[in-house]
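Architecture and fold: a report
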Amino acid sequence: MSYRSAPIDGGVVGATPLATESIGDSVRSLEPLVLSLLVLAVVGLAVGGWWVVRWFRRPPGAQLQRLLATHDEVTVLMHPNPDPDAMSCAMGVAAIADSVDTDAELQYAGEIRHQENRAFRTVLELEMDAIDASSQLAADPVVLVDHNTPRGFTGAQTVEPIAVVDHHPGNGAGTKFTDVRTDYGAASTIVVEYLEEIGATLGDEDGSGPEVSPELATGLLYGIQSDTNHLTNGCSRAEFDACATLFSGIDEDLLDRIANPQVSDDVLRVKATAITEKRIEGPFAVCDVGEIGNVDAIPQAADELMHLEGVTAVVVYGEHDGTIHLSGRSRDDRVHMGEALRHAISDIPMASAGGHARMGGGQLSIDHMNGIGPSDGISREEFEERLFSAMAGER
């Protein structure tokens with residue numbers, strides 16, 4: 001029995017010339033289809049890669065705008081007892097939401113007591129609702145502004161924000177979007193950049209993006225100024241750039257009315273007490289202003305003491321409704337005020353404190369300070385020694 005082997009010059013071993021020709025024809029008939037599929041695959045990969053690159057290169061403002069567009073309504077939640085930076089930041093996020101037809105409700109916990117904060121809300125005619133519990137949130141999708149962890153109301157720990165816009169240190173994050181810039185002096189600065197990134201226009205400027213109203217421009221400018229002590233404390237280059245961007249759109253009359261509100265008698269009394277009863281050791285000052293009716297007078301008194309010649313860091317504290325409230329200020333590069341306050345109360349149960357290098361705050365229960373719970377308690381004199389030691393870096 002014998003058989004013929006096909007030559008090896010381009011053919012198939014063991015096949016006849018007729019079989020080889022048939023297989024070659026079949027392969028050639030498949031080449032256009034295979035080539036088409038390969039081209040489609042390459043094009044698909046290229047388009048997919050382009051979209052991925054475009055998504056990751058999309059500026060934060062556009063990313064937030066796109067996220068807000070996926071919801072019919074959102075809650076813009078400020079930190080408890082909101083200040084101008086928190087309120088103006090909330091105004092800006094609400095404007096971005098409005099640009100994509102999403103309803104935004106501004107909410108906060110606590111109260112608005114400081115005369116500057118009350119004036120800000122009244123002059124700019126802000127519609128804001130106070131809440132005591134998570135069940136009162138206007139919508140399930142929550143955007144946190146000027147803080148990164150929900151707090152100050154019942155059920156706060158159960159709230160999972162979809163987005164966070166902040167400049168404070170912390171571990172909080174949004175499930176869909178997080179932008180925390182601790183090197184910035186104000187959260188409002190971040191929002192100004194968002195508005196620029198989505199093509200927003202000021203005043204008579206022409207453009208296809210949303211229009212920034214005089215009220216919003218004025219609010220954002222004041223929010224930046226208030227959190228940076230008129231651009232003198234904790235600023236980055238971004239704060240100056242943001243103010244320059246906003247300048248052409250502000251309303252000077254509104255700005256003047258916010259910046260110069262009437263001051264209550266209680267605030268003036270606390271300031272006077274801080275000035276006359278202060279205790280100074282080297283470049284540091286501490287003052288117990290006693291029982292007070294308005295806790296917002298404490299940071300104002302701390303600001304007042306910072307004008308004293310030779311004083312580079314101060315802490316003012318007072319008692320309200322069974323709680324001691326602390327406020328500190330520093331223009332001393334050796335004193336990180338937020339860390340100093342945190343170290344001073346670190347072993348007191350149920351106490352909390354923190355903040356930035358230039359300013360900080362805290363609260364502690366008088367009962368726990370006096371020894372309730374696992375601690376032995378400390379006197380006011382010992383507490384003040386702790387504050388001085390913390391500012392000196394000895395704790």
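Along each chain, residues carry numbers from 1 onward, in the same order as the chain's sequence is written. Local features in this predicted model are restricted to residues whose pLDDT is 70 or higher, and side-chain atom pairs enter the listing and the counts only when it is 80 or higher, whereas totals over whole chains, interfaces and linings include all residues. For the side-chain quantities, the full set of heavy atoms in the structure was used; hydrogens and water were omitted.

**Section: the sheet that holds strand β14 (residues 359-365)**
The strands making up a sheet associate through backbone hydrogen bonding, with each pair oriented either parallel or antiparallel. Pairing between strands is defined by DSSP: at least two bridges between them are needed. Each helix corresponds to a stretch of at least 4 residues labelled H or I by DSSP, and each strand to a stretch of at least 2 residues labelled E; elements are numbered beginning at the N terminus. One open sheet accounts for 6 strands, arranged β9-β10-β11-β12-β14-β13; its pairing is mixed. One side of each edge strand has no neighbouring strand; the edge strands of this open sheet are β9 (279-281) and β13 (352-355). Each adjacent strand pair in this sheet contributes to an overall mean axis angle of 15°, direction not counted. Contacts between residues were defined by any pair of non-hydrogen atoms, one from each residue, lying within 4.5 Å. Angles run from 0 to 180 degrees between N-to-C directions of axes, and those axes are lines fitted to C-alpha atoms, restricted for helices to the stretch in contact. Those strands touched by helix α11 (residues 337-344) are β11 (313-320), β12 (323-330), β13 and β14, and its axis lies near 20° from that of β14.

**As for a negative patch on the surface**
Taken together, D72, E73, D98, D101, D103, E105, E127, D129 and D140 make up a surface patch of like negative charges. Topologically, E105 is positioned in strand β2 (residues 103-109). Exposure above 30% relative accessible area and the absence of a salt bridge qualify a residue for a patch, where like charges join within 9 Å and nonpolar side chains (Val, Leu, Ile, Met, Phe, Trp, Tyr) within 5 Å. Computed with the Shrake-Rupley method and a 1.4 Å probe, the accessible areas treat only the protein chains shown as cover for residues. In what follows, salt bridge is the name for a side-chain nitrogen of Lys or Arg lying within 4 Å of a carboxyl oxygen of Asp or Glu. Residues scored as charged are limited to Lys and Arg (positive) and Asp and Glu (negative), so that His and the chain ends carry no count. To locate a charge, take NZ of a lysine, CZ of an arginine, CG of an aspartate or CD of a glutamate.

**As for the pairing of strand β4 (residues 142-145)**
Residue alternation in β4 divides its side chains into two sets, V142 and L144 and V143 and V145, and both sets are buried. Where strand β1 (residues 73-77) meets β4, 3 bridges bridge the pair, whose relative direction is parallel. Opposite L77, over in β4, you have L144 as the bridge partner. Exposure is judged per residue with a 1.4 Å probe applied to protein chains only, and the accessible area is read against the type maximum: over 50% gives exposed, under 20% gives buried, and values in between give partly exposed.

**Points about the packing of aromatic side chains**
Between the rings of Phe, Tyr and Trp (Trp by its six-membered ring), a pair exists once the centres lie within 6.5 Å; its type follows the angle of the planes, with under 30 degrees stacked, over 60 edge-to-face, and the other angles tilted. In the structure shown here, the tally under the stated rule is 3 aromatic pairs. Aromatic side chains F177 and Y194 sit 6.2 Å apart centroid to centroid with 70° between the ring planes, which places their arrangement in the edge-to-face category. With F177 in strand β6 (residues 177-180) and Y194 in helix α5 (residues 187-197), the pair connects residues that are 17 residues apart, well separated along the chain. Take F177: its relative accessible area is 6%, and that puts it in the buried class.

**A short note on the layout of surface pockets**
A cavity here means a set of 1 Å grid points, computed over protein atoms only, where a 1.4 Å probe fits but cannot escape. A pocket is an open set with protein on both sides within 12 Å along at least 5 of 7 lines, and lining residues have an atom within 4 Å of a point. Grid points are joined across faces, edges and corners, and a volume is the space filled by probe spheres set on the points. Here the second largest pocket defines a volume of roughly 500 Å³. Where the lining of the second largest pocket is concerned, the elements lending two or more residues are α3 (84-98), β2, β3 (128-131) and α6 (214-227). Here the nonpolar group is Ala, Val, Leu, Ile, Met, Phe, Trp, Tyr, Cys and Pro; Asp, Glu, Lys and Arg are the charged ones; every other residue, Gly included, is treated as polar. Taken together, the residues of the lining of the second largest pocket break down into 9 nonpolar, 3 polar and 7 charged.

**Remarks on the side chain of H325**
Along the chain, H325 falls in strand β12. Among the residues examined, H325 registers a relative accessible area of 15% and is labelled buried. Discounting chain neighbours no more than four positions away, the residues touching H325 are V295, I298, V316, Y317, G318, H320, G362 and Q363.

**Concerning the sheet that holds β1**
Read across the sheet, 6 strands follow the order β3-β2-β1-β4-β5-β6 without closing on themselves; strand pairing throughout is parallel. Since the sheet does not close on itself, it has two edges, and those belong to β3 and β6, each with one partner. Neighbouring strand axes in the sheet, compared pairwise and without regard to direction, differ in orientation by 25° on average. Note that β1 and β2 share 5 bridges and pair parallel. What sits directly across from L77, in β2, is Q107.

**Describing the pairing of β13**
Of the pairings in the sheet, the one linking β13 to β14 comprises 4 bridges and is antiparallel in character. In the sheet register, G355 faces β14, and the bridge partner there is G360. Here β13 hands over to β14 after 3 residues, the two strands then running antiparallel side by side.

**Digging into the confidence of the model for the protein**
Here the protein averages 88 in pLDDT, while 84% of its residues score no lower than 70. The low-confidence segment residues 1-13, where pLDDT is below 50, has 7 contacts with residues more than four positions distant or belonging to other chains. A residue's pLDDT is the predictor's confidence in that residue, given on a scale from 0 to 100. Under a pLDDT of 50 for its full length, residues 50-55 has, in the predicted model, 2 contacts with residues more than four places off or in other chains.

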